[in-house]
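Okay, here's what each chain looks like letter by letter:
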Amino acid sequence: MIDPRAVIDPDAELDEGVSIGPFSIIGAGVKIAAGTEVGPHVVIKGPTQIGRDNRIYQFASVGENPQDMKYAGEPTILEIGDRNVIREFATLHRGTVQDQGVTRIGNDNLLMAYIHVAHDCLLEDHIIMANAASLGGHVKIGRHAILGGFTKVHQFCRVGAHSFCGMGSAISMDLPPYVMASGHPAKPHGINREGLSRRGFSDETIQQIKRAYKLLYLSKKRLEEAREGIDGMLNETPELEILSDFLKHKGRGILR
């Protein structure tokens, strides 16, 4: 399963069943679990931990030093979960000691060609980053979020679960769960109804999420007042808890 033209550092740990293509370079401190396929001309630098059944395509750069002027060679890490697809020319960097020292990617994500995941980013599960989408440092992306092609997310921003960013969006503030946004700078444009329907949300729940969106964006209420109104809907619609929790934490401010 290891092409003889690949270069594998003796200190790398590869489980049985790992496939490494020709001319790929696997550095010291890299750990790869069974079932993961690494294509040709891939560079993986440690410390990096990669889970099971991932597929990494040609010319990807995984686990390289962070692009941070403060980085001085400290031992930081990149952690990748299971069943992720990492396409051509993707770049995924390790963390920095200014944060928790780790960049973490969950499970079942699709990271398309030319995407960039900067240092200290945290990605949950079932995320799609379309071609050339880029994350600044310390960005957090919730599960089932979709970033359209050429979307840019400013450092320290949060992108909530089940949200959708249109092609070429510039996200410079926190995007709440369930919300669609697009533009440069991005503006909210309703809820991600189609995505929610595809994931099995009932029509009644989607209507309640729409009500919450109206409270947040159309009621002219202050943010705290809108959140209190959303909290009053939690008994009837527990799916709104992730939105309520998102609004409680101070970040770069809510995209409004």
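Quick caveat, the model's predicted, so the values are computed rather than measured. (Residues numbered from 1 in each chain as written. Predicted model: local features only at pLDDT ≥ 70, side-chain atom pairs only at ≥ 80, totals over all residues. Heavy atoms only, no water.)

(A) Here's a closer look at the nonpolar core. Counting residues in hydrophobic clusters, the biggest one holds 63 residues, and the most contacted among them are Ile-44, Leu-92, Leu-123, Met-129 and Leu-135. Listing elements by their share of this core, those giving two or more residues are strand S5 (30-32), strand S11 (77-80), strand S26 (179-183), strand S27 (186-191), helix H2 (203-217), helix H3 (223-231) and helix H4 (241-248). The element that contributes the greatest number of residues to this core is H2, accounting for seven residues. (Core = buried A, V, L, I, M, F, W, Y, C linked by side-chain atoms within 4.5 Å. Buried < 20%, exposed > 50% of the residue type's maximum accessible area, 1.4 Å probe, protein only. Helix = DSSP H or I, 4+ residues; strand = E, 2+ residues; numbered from the N terminus.)

(B) Representation of the pairing of strand S14 (residues 102-105) within the structure. Alignment of S11 against S14, held across four bridges, turns out to be parallel. By the bridge assignment for S14, Ile-80 is matched with Ile-105. (Pairing = 2+ DSSP bridges.)

(C) Quick peek at the side chain of Asp-120. With respect to the helices, strands and loops of the structure, Asp-120 is situated in the loop between strand S16 (116-117) and strand S17 (122-123). With no salt bridge to any partner, buried Asp-120 finds its closest opposite charge in Lys-70, at an N-O distance of 7.9 Å. Side-chain polar atoms of Asp-120 contact the side chain of Thr-96, separated by 2.6 Å. Apart from the residues within four sequence positions on either side, Asp-120 is in contact with Arg-94, Gly-95, Thr-96, Asp-99, Gln-100, Gly-101, Val-102, Thr-103, His-138 and Val-139. (Lys, Arg positive; Asp, Glu negative; His and termini not counted. Salt bridge = Lys/Arg side-chain N within 4 Å of Asp/Glu carboxyl O. Polar contact = N/O pair within 3.5 Å; in protein donor to acceptor, adjacent residues only side chain to side chain. Contact = heavy atoms within 4.5 Å.)

(D) The arrangement of the layout of surface pockets in detail. Volume-wise, the largest pocket comes out at about 290 Å³. Considering the residues around the largest pocket, the lining is formed by 15 residues, among which Glu-124, Gly-142, Arg-158, Ile-242 and Phe-246 are closest to the centre. Going through the elements one at a time, strand S20 (140-141), strand S23 (158-159) and H4 are the ones with two or more residues in the lining of the largest pocket. Among the elements that line the lining of the largest pocket, the one with the most residues is H4, at three residues. Tallied by class, the residues present in the lining of the largest pocket amount to seven nonpolar, three polar and five charged. (1 Å grid on protein atoms, 1.4 Å probe; cavity = no way out; pocket = protein on both sides within 12 Å on 5 of 7 lines; lining within 4 Å. Points joined across faces, edges and corners; volume = space filled by probe spheres on them. Nonpolar A, V, L, I, M, F, W, Y, C, P; charged D, E, K, R; others polar.)

(E) Region of the structure containing the packing of aromatic side chains. One pass over the structure, following the stated rule, counts four aromatic pairs. A centroid spacing of 4.9 Å and a plane angle of 10° characterise the contact between Phe-89 and Tyr-114, whose relative ring orientation is stacked. Of the two residues, Phe-89 is situated in the loop between strand S12 (85-86) and strand S13 (91-93) and Tyr-114 in the loop between strand S15 (110-111) and S16; the sequence distance between them amounts to 25 residues. Between Tyr-178 and Phe-201, the aromatic rings sit 6.1 Å apart at their centres with planes inclined by 80°, giving edge-to-face as the arrangement. In this pair, Tyr-178 is assigned in the loop between strand S25 (170-171) and S26 and Phe-201 in the loop between helix H1 (193-198) and H2, connecting sequence segments 23 residues apart. We note that Tyr-178, like Phe-201, is buried. (Phe/Tyr/Trp six-rings, centres within 6.5 Å; stacked < 30°, edge-to-face > 60°.)

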